[in-house]
Each structure stands twice: as C-alpha cells, then as structure tokens.
Amino acid sequence: MLRCITWNLGRRLKKISSQMKAVVERNPDIIAFQEVTLESSKIIKKILSSSYKNIVDSFELSSDQSLWNGPRRLGELIATNYELKPRSQNEFDIPWQERVLAVDIATPKETIEFYNTYIPPGSSNRWKKIETLEGLYKGLAKHTEKKRILCGDFNTPQDELLKHGVCTFAQKINKKGVPKLKKIFRGGSGKRWDQGERSILEDLKEFNLGDAYRRIHPIPKKAYSFVLERRGKVVAKRRFDHFFSSKELIIKSVEYLHKYREDGLSDHSPLELLIK
C-alpha cells in the first residue's frame, strides 16, 4: 500500500508542530506540502527528520534566493523514506519556477514521477495563474509508460455541477445554476482563462493523469477542501486540492481529512490517497 498526503499548510507558523504531528500520525509514505516558506521549511525539516530520511523543498533547488519575497516566498516540500531524486526546475515553462517541485521517487514497486504544485491564486496574481497552468499542462501533456502523480493546491475549479461538470472562474453561474462563459475576464480572454483551468482538470486525462478523487467519487458528490470565510461567515467552499494519477496506480481510497481544517490547523483540508 502506498499512502500519500497533500496539504496546503496555510503559512501558519504557530501551528507547524501540530500540523506535523497530525500528518506523521497517519504514517504516509509520501508527503507533499504547499505554502511553505523558507522559515517554515527549516522548522518542518527539523521535525520530520526523525521520521523521514529524504526531504526536499523548492527553495534549495532555486539558484536565485533574492526572488524569495512577496508572492514568491511560497513554495513546496516533499518528504519520503523512499529514494528521492529531484528533477530540474526548468522542466516547466512557468513564470515562477519554484511553484512546481518535481522528483522521481523509487517505491518498492516502481519509480514514480511525482509533481507537487501550488498554483498562484488568480484573485491576487491574475494571469500568473493561467500562465502557470498552461506551462504545467504543456510539460505534462505527453504519453509515457512511466507512472505519474500530480498533486497540490490548484486554486480551481470554481464549482462542479451535475449537469455541467467543471465550472471555471471564467464562467458565471446564474440563479438557475447554469454557467456561462465570460467574454472578458480579469482584463483578458475569458476563453483562454477557461481553457487554462480545464487543461489540468480535464485535458490531462488524455495523457493518463486523471482526477483521482473523481475516479472514486463521481459528481454529484459534493466535495471541498478550502473554506473561504468573511467576517466569520462561510462565503464559499472550493475543491482546490487534488491528486491526479496514472490509471495503472490502482486507488484503494482518496478522501479529504476535514478534521484538521476544522481544528484550525489550516484553511485547507489535507487530501489522502491510498494506492494498492
């Protein structure tokens, strides 16, 4: 059995000890974190080093440390006891190279190409989000016999509807629940924005990287991993956090672990994937 967990930690420095305790107790074989900073990564590595031999983050693979500020202060981390070999950060043509952490992980059964990503939110980074999704898709849209897993916080979709499927942020959902594509969105083409989100959510399936959760839990099951609150009120629930995997990796279960979000450890729920 291969147990993998992906979790956006939400930059909660005071919660790191509790976050690591919660994760280690589930004994995952592969851990993928997002919204890791240079400061938090040092703390995480110190805590996890007693349980995991191989830990890598996107900062140690970057050649220009002067970039690690503002929105670029956020990266990813992967931990495992299996042999781990980092891949080049130049594998993807994206605006911020540190937003994809790619490694080869040698499990007892096979070597898996493992990708951990944190897509910039469109609300604060605008078209950087779509440029990152487009570059990620271009780098992964290839037929290969290698087993692959892609995970992370993708900041998409807006919703999933029984009649209409995935709804992107370039669509407006009317009072009848019907989505309509916006011609212009965030100062650019609504069609391009829509396709950028769909390229990962839907189109990677053609290249044997399908949505692991929806393989087990098809729509109409409502699911979410992120809760947006304003003035103490929940205004939106989104399924932003995903695993995409090769169909040859047989899924036993894939579930969101809401307790950790409800306990205040992060504004995201971890997602746990078990592969037979």
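In short, a report on the structure. (Residues numbered from 1 in each chain as written. Predicted model: local features only at pLDDT ≥ 70, side-chain atom pairs only at ≥ 80, totals over all residues. Heavy atoms only, no water.)

Of regular secondary structure, the chain possesses seven helices and 20 strands. Burial analysis of the chain (276 residues in total) assigns 55% to the buried set. Within the chain, counting contacts between residues at least 6 apart in sequence, those at least 24 apart form 67% of the total. If you average the places of the 52 positive and of the 35 negative side-chain charges in the chain, the two averages end up 6 Å apart. (Helix = DSSP H or I, 4+ residues; strand = E, 2+ residues; numbered from the N terminus. Buried < 20%, exposed > 50% of the residue type's maximum accessible area, 1.4 Å probe, protein only. Contact = heavy atoms within 4.5 Å. Lys, Arg positive; Asp, Glu negative; His and termini not counted. Charge placed at Lys NZ, Arg CZ, Asp CG, Glu CD.)

A few words on the pattern of salt bridges. This model, assessed by the stated rule, comprises 22 salt bridges. Arg72 is the partner of Glu98 in a salt bridge, and the nearest nitrogen-oxygen pair spans 2.7 Å. Of the two residues, Glu98 is situated in the loop between β5 (83-86) and β6 (100-106) and Arg72 in the loop between β3 (54-57) and β4 (75-80); the sequence distance between them amounts to 26 residues. Both residues of the pair, Glu98 and Arg72, belong to the buried class. Here Asp159 ties to Lys222 by a salt bridge, and the two come within 2.8 Å at their closest N and O atoms. Of the two residues, Asp159 sits in strand β9 (residues 159-161) while Lys222 sits in the loop between α6 (212-216) and β16 (226-230), which places them 63 residues apart along the sequence. The class of Lys222 is exposed, set by a relative accessible area of 55%. (Salt bridge = Lys/Arg side-chain N within 4 Å of Asp/Glu carboxyl O.)

Here we take up the state of the cysteines. Under the counting rule described, the total for this entry stands at zero disulfides. Free of any disulfide, Cys151 has its nearest cysteine sulfur in Cys4, 7.7 Å distant. (Disulfide = S-S within 2.5 Å.)

So, on to the packing of aromatic side chains. Counted by the stated rule, this structure contains nine aromatic pairs. Aromatic pair Tyr137 and Phe207: ring centres 6.3 Å apart, planes at 70°, arrangement edge-to-face. Of the two residues, Tyr137 sits in helix α4 (residues 128-140) while Phe207 sits in the loop between α5 (190-201) and β15 (210-211), which places them 70 residues apart along the sequence. Take Phe207: its relative accessible area is 12%, and that puts it in the buried class. (Phe/Tyr/Trp six-rings, centres within 6.5 Å; stacked < 30°, edge-to-face > 60°.)

Further remarks concern the packing of helix α1 (residues 16-24) against helix α2 (residues 38-48). The contact between α1 and α2 brings their axes to 10 Å, and the two run at 45°. Relative to α2, the element α1 is oriented oblique. Between α1 and α2 lies a crossing of right-handed hand. Of the residues in α2, those touching α1 at Ile16, Ser17, Met20 and Val24 are Ser40, Ile43, Ile44, Ile47 and Leu48. (Axes fitted to C-alpha atoms, helices over the stretch in contact; angles between N-to-C directions. Parallel < 35°, antiparallel > 145°, perpendicular 65-115°, else oblique. Left-handed = near helix turned anticlockwise from the far one by under 90°.)

Pairing between the strands of a sheet is mediated by backbone hydrogen bonds and can be parallel or antiparallel. If you walk across this open sheet you meet the six strands as β5-β6-β7-β8-β18-β15, and the pairing is mixed. Among the strands making up the open sheet, the edge pair consists of β5 and β15. Looking at chain direction, β5 and β6 are connected through four bridges and run antiparallel. If you follow Pro86 over to β6, its bridge partner there is Val103. Sheet contacts for α4: β6, β7 (111-118) and β8 (147-153); angle to β8, the most-contacted strand, approximately 170°. (Pairing = 2+ DSSP bridges.)

What follows deals with the side chain of Glu160. With respect to the helices, strands and loops of the structure, Glu160 is situated in strand β9. Judged by its relative accessible area of 10%, Glu160 falls in the buried class. A distance of 2.8 Å separates a polar atom in the side chain of Glu160 from a polar atom in the side chain of Arg214. In this structure Glu160 touches Gly165, Arg214, Ile219, Lys222 and Arg239, once residues within four positions along its chain are discounted. (Polar contact = N/O pair within 3.5 Å; in protein donor to acceptor, adjacent residues only side chain to side chain.)

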